[in-house]
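Each chain, written out:
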Amino acid sequence: AKDAKALRVDADAVLDEPPGLPGRPARPRLVPPAALPPRSPYTREGRAALLHAIAHIEFNAINLALDAAWRFGAMPAEYYLDWLRVADEEATHFSLLCDRLAALGKSYGDFPAHDGLWEMAERTASDVLARMALVPRTLEARGLDASPAIRAKLAAAGDEASARVIDLILRDEIGHVAIGNRWFRFLCALRGLDVRQAYSELAAVHRAPRLHGPFNLPARRAAGFDEDELRALGP
């Protein structure tokens, strides 16, 4: 994907949906979010569980980016190149987190995980506007908010190597959320929709989670949210 601009894109191609989810491994075991036990990042096992949870998000993000690229036709060529680049960067994040897990004697799949990201992908599979609204600019934007606290916990636990990985992920994820914002606004303009009203309606129809602070406002601004949207988040 680093040479994505050299790729030829057929935006009008129609691809058949593959059976199941290609590339999904047998592990980790998927459980409801409430079934995941809290673990302290100040223990070796707890820190591994935290890194595993982030690795699971990044693994799903690879599939989410590739799904956005193949599933939705008739978008501009730049749309597909954007999501191929995102997939490449998410794969780098996943690899870095797997390295940190290995340093703690663990591997991806050693802890249970939940499937919330992919469930939203399935709920928005019929509409690229809903996908852009509710995956990158909702669920992935929550990662912008969570990263500073996660980084602080890892640093306080003495794991500076993992904290630096979180720094890199946050930097790249700002760009990923910005891509979601770009294409959401593009589609709203194409369909003659008001951005805030369209988002509110899509969030209700597709049962998006309610957002809670604290919010990483500088990162959200860098990712393309405007001041009206930030004020609407609340405290």
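Look above for the structure.
Residues numbered from 1 in each chain as written. Predicted model: local features only at pLDDT ≥ 70, side-chain atom pairs only at ≥ 80, totals over all residues. Heavy atoms only, no water.

A. Main features of the side chain of Thr138. Along the polypeptide, Thr138 turns up in helix H4 (residues 128-156). A polar contact is formed between the side chain of Thr138 and the backbone oxygen of Ala133, at a distance of 2.8 Å. In this view, Thr138 contacts Ala133, Tyr199 and Leu211; residues no more than four positions away in its chain are not counted. (Helix = DSSP H or I, 4+ residues; strand = E, 2+ residues; numbered from the N terminus. Polar contact = N/O pair within 3.5 Å; in protein donor to acceptor, adjacent residues only side chain to side chain. Contact = heavy atoms within 4.5 Å.)

B. Representation of the environment of Ala163 in the model. Along the chain, Ala163 turns up in helix H5 (residues 160-191). Since its relative accessible area comes to 0%, Ala163 is described here as buried. Along the chain, Ala163 and Leu97 lie 66 residues apart, while their C-alpha atoms are 11 Å from each other. When near neighbours in sequence (up to four residues on either side) are disregarded, Ala163 contacts Arg151, Leu154 and Ala155. (Buried < 20%, exposed > 50% of the residue type's maximum accessible area, 1.4 Å probe, protein only.)

C. Fine view of empty space enclosed by the protein. This model, assessed by the stated rule, comprises 1 cavity of 30 Å³ or more. Taken as a whole, the largest cavity encloses approximately 40 Å³ of empty space. Leu64, Ala68, Trp83, Arg131, Met132, Val135, Pro136 and Glu140 are the residues that line the largest cavity. For the lining of the largest cavity, the leading source of residues is H4, giving 5 residues. Looking at the lining of the largest cavity residue by residue, the classes come out as 6 nonpolar, no polar and 2 charged. (1 Å grid on protein atoms, 1.4 Å probe; cavity = no way out; pocket = protein on both sides within 12 Å on 5 of 7 lines; lining within 4 Å. Points joined across faces, edges and corners; volume = space filled by probe spheres on them. Nonpolar A, V, L, I, M, F, W, Y, C, P; charged D, E, K, R; others polar.)

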